[in-house]
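Geometric and topological summary
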Amino acid sequence: MPEPPPRATASADPAQLARAERVLLSLRHTRRELHLGLREARVLAVDAVKWLERGLSESDLRHALLAERPQEGVRSAVGFLRYRLIQKLPEPPVRHQPPERPPLPEPVECRGPGAPHVFRPLLGESECPSCRLAAARSETVPEHVPWRERVAALNGTPTTTRRGAASGHAGPA
């Protein structure tokens with residue numbers, strides 16, 4: 001009489017069960033003491049599938065089952081592997097939700113020159129970027145004042161004009 005299938009979970013995918021079973025059966029090639037029969041591997045595969053469902057690869061599962069074996073050896077491969085599969089099951093992956101974007105500011109009418117139009121202010125501006133740029137370009141540039149004259153004006157000292165000083169070149173000292 002055939003044995004009933006192992007207690008499968010509702011979400012157990014047959015392909016995942018087959019992958020988990022292959023990993024469990026492959027352990028005998030690395031450690032003889034972890035030799036499992038086919039029925040034993042099928043029963044343990046249900047717990048091993050949980051590892052694969054949490055994003056671990058077959059290699060990661062194999063490594064977790066083979067790492068840190070007891071120094072005195074393994075008495076029961078089934079008991080040892082069942083304990084490992086249940087006790088060392090990694091936490092489910094945390095699903096990070098992207099941060100919510102702040103709502104866009106409401107459009108406001110630009111107070112700049114030209115035809116009426118609207119824009120979305122970022123920091124409470126009253127003019128759109130195009131109007132602010134046009135205003136900045138239309139401003140007159142102040143006349144260049146040599147640094148000696150600016151310092152003299154700040155200190156309140158009269159400036160002495162030497163030959164070539166007006167053109168910005170100092171003569172021989």
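Rules behind the numbers
- Sequence positions are assigned chain by chain, starting from 1 and proceeding in written order.
- Per-residue local features are limited, in this predicted model, to residues with pLDDT of at least 70; the limit for side-chain atom pairs, both in listing and counting, is 80 or more; totals at the level of whole chains, interfaces and linings are taken over all residues.
- Processing note: side-chain calculations cover all non-hydrogen atoms of the structure and skip hydrogens and water entirely.
- Each helix is a run of DSSP H or I of at least 4 residues and each strand a run of E of at least 2, with the numbering of both proceeding from the N terminus.
- When a residue's accessible area, from a 1.4 Å probe over protein chains only, is under 20% of the maximum for its type it is buried; when over 50% it is exposed; and in between it is partly exposed.
- Any pair of N or O atoms that falls within 3.5 Å is considered a polar contact. Within protein, one atom must be able to donate a hydrogen and the other to accept it, and sequence-neighbouring residues count only if both atoms are side-chain atoms.
- Here the arc refers to the set of directions running from the helix axis out to each C-beta atom.
- Contacts are assigned to residue pairs with any non-hydrogen atoms lying within 4.5 Å of each other.
- We call a set of buried residues a nonpolar core when its members are Ala, Val, Leu, Ile, Met, Phe, Trp, Tyr or Cys and they connect through side-chain atoms within 4.5 Å of each other.

In this structure, S26 sits in helix α1 (residues 14-30). With a relative accessible area of 17%, S26 lands in the buried category. A polar side-chain atom of S26 sits 2.7 Å from the main-chain carbonyl oxygen of V23.

Right, let's talk about helix α3 (residues 58-66) for a bit. Considered for burial, the residues of α3 that qualify are L61, L65 and L66. Buried residues of α3, seen end-on, are gathered within an arc of 125 degrees and therefore sit on one face of the element. Packed against the buried residues of α3 are α1, α2 (38-53) and α4 (77-87). Positive phi appears at E68, one or two residues downstream of α3, with a value of about 50 degrees.

Turning our eyes to something else, we now look at the nonpolar core. Of all hydrophobic cores here, the largest spans 22 residues; its most connected members are L24, L34, L36, L61, L81 and L85. Secondary structure elements with two or more residues in this core: α1, α2, α3 and α4. In terms of residues, this core owes the most to one element, α2, which gives seven residues. The contacts of L34, once residues within four sequence positions are left out, are L27, R28, L65, L66, R69, V74, A77, F80 and L81.

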